[in-house]
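Coordinates in review
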Amino acid sequence: IDLDFGMLNSEDLQARHEELERKAEELRTKEAEREALMEKSIMEQKLAKEALEREREELRQQREEMLRAAEAATKGCEERSLELREQEAHLRKETEDMTASKTSERALVAEEMEKAFEELNLRKAELQEELRLLEESRLAQAGELREAEALVAEEM
């Protein structure tokens, strides 16, 4: 098509008009496709953000549950430790009381008391080890939760 509009006849003008209409329609179609892609991308981002928020909330709830469980376990160990100390004091008192009794009875009782003390000390050591392991586990879980929260925060 000749670019000089003064020399174009009506057929050429009609063809030029149709070509411009076709190009305009192509541009509208491309613009609509681009808008649809942008809307899809925005929706995907929104869904991803919502999923991250749900995951963050789940992590927060898990953390709270773990902290409550760790606190309960620590309290249980502390209560048991107190109970063991009370038993130990009671055994000491009984031992002191028994020293005033007969020699043969004292030897037998002393042996039994020594066994009881050994068992008590063994159990005390086991509880202390359980408490130490529980504390290590709690600290490790807290670290893992912080890392997971940091990952979730980074993804957002």
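Here we summarise the structure given alongside this text. (Residues numbered from 1 in each chain as written. Predicted model: local features only at pLDDT ≥ 70, side-chain atom pairs only at ≥ 80, totals over all residues. Heavy atoms only, no water.)

What follows deals with the overall build of the protein chain. Per the secondary structure count, the protein chain includes two helices and zero strands. For the protein chain, long-range pairs separated by at least 24 residues make up 67% of all intrachain contacts whose partners lie at least 6 apart in sequence. When the accessible area of the protein chain is evaluated, it comes to approximately 12500 Å², of which 54% is carbon and sulfur surface. (Helix = DSSP H or I, 4+ residues; strand = E, 2+ residues; numbered from the N terminus. Contact = heavy atoms within 4.5 Å. Areas by Shrake-Rupley, 256 points an atom, 1.4 Å probe, with all protein chains shown as cover.)

Moving on to a negative patch on the surface. Judged by side-chain charge, Glu55, Glu58, Glu154 and Glu155 come together as a negatively charged surface patch. Where the negative patch is concerned, the elements lending two or more residues are helix 1 (10-98) and helix 2 (103-155). Along the chain, glutamate 58 turns up in helix 1. Its relative accessible area of 46% is what places glutamate 58 among the partly exposed residues. (Patch = residues over 30% accessible without salt bridge, like charges linked within 9 Å, V, L, I, M, F, W, Y side chains within 5 Å. Salt bridge = Lys/Arg side-chain N within 4 Å of Asp/Glu carboxyl O. Lys, Arg positive; Asp, Glu negative; His and termini not counted. Charge placed at Lys NZ, Arg CZ, Asp CG, Glu CD. Buried < 20%, exposed > 50% of the residue type's maximum accessible area, 1.4 Å probe, protein only.)

Here we come to the nonpolar core. One finds Leu84, Leu91, Val109, Met113, Phe117, Leu120 and Leu127 forming the largest nonpolar core, which totals seven residues. At the level of secondary structure, the elements contributing two or more residues to this core comprise helix 1 and helix 2. In terms of residue count, the dominant contributor to this core is helix 2 (five residues). If we skip the residues at most four places from it in the chain, phenylalanine 117 touches Glu88, Leu91, Arg92 and Thr95. (Core = buried A, V, L, I, M, F, W, Y, C linked by side-chain atoms within 4.5 Å.)

With that settled, consider the pattern of salt bridges. Evaluation of the coordinates by the stated rule reveals 14 salt bridges. As a salt-bridge pair, arginine 60 and glutamate 64 come within 2.3 Å of each other at their nearest N and O atoms. Here arginine 60 pairs with glutamate 64, and both are found in helix 1, just four residues apart, close to one helical turn. The partner of glutamate 88 in a salt bridge is arginine 92, with the nearest N and O atoms 2.8 Å apart. Placement of both glutamate 88 and arginine 92 in helix 1 is noted, with a separation of four residues, approximately one turn of the helix. On the accessibility criterion, arginine 92 (44% relative accessible area) is partly exposed. Salt bridges here are not isolated pairs; linked through shared partners, they connect Glu57, Arg60 and Glu64.

This part covers the side chain of glutamate 88. Residue glutamate 88 is classed as buried on the basis of its relative accessible area of 10%. In this structure the side chain of glutamate 88 is engaged in a polar contact, spanning 2.8 Å, whose partner is the side chain of arginine 92. Not counting residues within four places of it along the chain, the set of residues in contact with glutamate 88 comprises Phe117, Leu120, Asn121 and Lys124. (Polar contact = N/O pair within 3.5 Å; in protein donor to acceptor, adjacent residues only side chain to side chain.)

The subject of this paragraph is the side chain of threonine 74. The topology assignment puts threonine 74 in helix 1. There is a polar contact of 2.8 Å between the side chain of threonine 74 and the backbone oxygen of alanine 70. Sequence-distant contacts of threonine 74, defined by excluding residues within four places in its chain, comprise Leu131 and Leu134.

This part covers the environment of glutamate 96. One can find glutamate 96 in helix 1. For glutamate 96, a relative accessible area of 54% puts it in the exposed group.

So far we have only geometry, and geometry alone does not tell us how the molecule works.
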